[in-house]
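Each chain, letter by letter, is given below.
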Amino acid sequence: MKNQRMMNGFFESSGTPGESSRASQGVAKGMSKVPQELAQLIMMESVSRHKVKGMWADGVTKIDDMPTVGCCSFSEPTTIKLAGVHAELWREFNRECFSRNYPGGLRFNSSNFNPMLPWSLGCQLVALNIQTHDRPMQLNHGRFLENGECGYVLKPDHLRKPGGVPSMPVDLGPVIGPNGGGSGTLTLTIHCGHLIPKAKHSIGGDRVDPYVKVQVYGPSGVHEKSRTKTVNQNGYSPMWESKFKFNVEDTAVSMLLLSCWDDIPAQPDALVGVFAAPISTLLKGIRFVPIVADDGTQLTVPGGMLPGLICEFEWEAT
């Protein structure tokens, strides 16, 4: 329901006076009775975007009477515009209130925008078109791997605590980055592949000609990218031995995206599988990195074995 508020322990739609009267008695047509205790847990009060923009223009993070459970919604164009002017105020706002971001209305093909920017601002609800399995959705899938795909991920400390800043890197053993953030140099060596299958709906030959694209996305959404060479007609154990170095601004927000492709002559290359994860969750050393389909579903080969990449991760904090 839109524009909901509490009255006498029930949700009430902000309609006509007559409707409000019926709703206050819990008999409004089509409305369900919700216990007040439950409503207090699940209800989020809508906050005017224009009111918030006006506050930030005056240099004010949040007015006193604004509810902590208030949620303000921002379209993709508004998100990009405000992030360029009021980034720090927005981060402070998100330490106490909620922000929801959604794709621009001109995306008629249901494509998605890069979620890295709103995530770096501490926005809690970044809405994407889940029916479109594009790169933003691949990043979204990787973002929520760290909690077992339970649907929620705790924001890093410097995006939750008032006046917070990225903490200095600490040694967490095999894990690259701390929860609080930190910068450094990520060295990635892609040694080889393991049982790389032919891409779904591929129109090429019977054998795969695999290569790997490597992309590191920073807090602002800007990314560095590179790729391995193509190994012809070998998906069983393609050898690359390719080494890459990337500067990482904030390990808690930045993400790694690996995508394995089938190099098809005279045709668009076909995506075989992807792996995405926050830099902070990567384990140092030589690791098996499983790849999944572009929609996040598991890839398998005959025998039930998992295809993937053999990678080595090194980290030097700065």
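Undergrad: I'd like to hear about the environment of phenylalanine 244, residue by residue, with values.
TA: For phenylalanine 244, the location among the structural elements is in strand 10 (residues 239-248). Setting aside anything within four residues of it in sequence, one finds phenylalanine 244 in contact with Leu186, Thr187, Leu188, Ile190, Val214, Ser226, Arg227 and Thr228.

Undergrad: Can you break down the pattern of salt bridges residue by residue, with the values?
TA: Under the counting rule described, the total for this entry stands at five salt bridges. The shortest N-O distance in the salt bridge between glutamate 76 and arginine 107 comes to 2.7 Å. Taken as a pair, glutamate 76 in helix 4 (residues 76-94) and arginine 107 in the loop between strand 5 (98-102) and helix 5 (116-120) lie far apart in primary sequence, 31 residues in all. Glutamate 76 gets classed as buried once you look at its relative accessible area, which sits at 12%.

Undergrad: Account for the sheet that holds strand 13 (residues 285-290), naming residues and giving values.
TA: The antiparallel open sheet is built from four strands, whose spatial order is 10-7-14-13. Each edge of the open sheet is held by one strand with a lone partner, namely strand 10 and strand 13. Taking each pair of neighbouring strands and ignoring which way they run, the sheet shows an average axis angle of 25 degrees. Pairing analysis gives eight bridges linking strand 7 (residues 184-194) to strand 10, with the strands arranged antiparallel. Bridge assignment links cysteine 192 to a residue of strand 10, and that residue is methionine 239.

Undergrad: For a nonpolar patch on the surface, give the residues involved together with the corresponding values.
TA: A cluster of nonpolar side chains, namely Leu38, Leu41 and Ile42, defines an oily patch on the protein surface of about 320 Å² accessible area. Take leucine 38: its relative accessible area is 41%, and that puts it in the partly exposed class.

Parameters at a glance
Along each chain, residue indices are assigned from 1 in the same order as the chain's sequence is written. Thresholds applied to this predicted model are a pLDDT of at least 70 for local features of residues and 80 or more for the giving and counting of side-chain atom pairs; totals over whole chains, interfaces and linings are not thresholded and use all residues. Side-chain numbers here rest on the full set of heavy atoms in the structure, without hydrogens or water. Numbered from the N terminus, helices here are DSSP runs of H or I no shorter than four residues, and strands are runs of E no shorter than two. Residue contacts follow a heavy-atom distance rule, with two residues in contact if any of their heavy atoms lie within 4.5 Å. A pair is scored as a salt bridge if a Lys or Arg side-chain nitrogen falls within 4 Å of a carboxyl oxygen belonging to Asp or Glu. In this scheme, a residue with accessible area under 20% of its type's maximum is buried, one over 50% is exposed, and one in between is partly exposed, where area comes from a 1.4 Å probe on protein chains only. A pair of strands is labelled paired if DSSP reports no fewer than 2 bridges between them. Each axis is a line fitted through C-alpha atoms, and for a helix only the stretch in contact is used; angles between axes span 0 to 180 degrees, taken between their N-to-C directions. To count toward a patch, a residue needs a relative accessible area above 30% and no salt bridge. Like charges then connect within 9 Å, nonpolar side chains (Val, Leu, Ile, Met, Phe, Trp, Tyr) within 5 Å. For the area figures, the Shrake-Rupley method with a 1.4 Å probe applies, and any residue is considered shielded solely by the protein chains shown.

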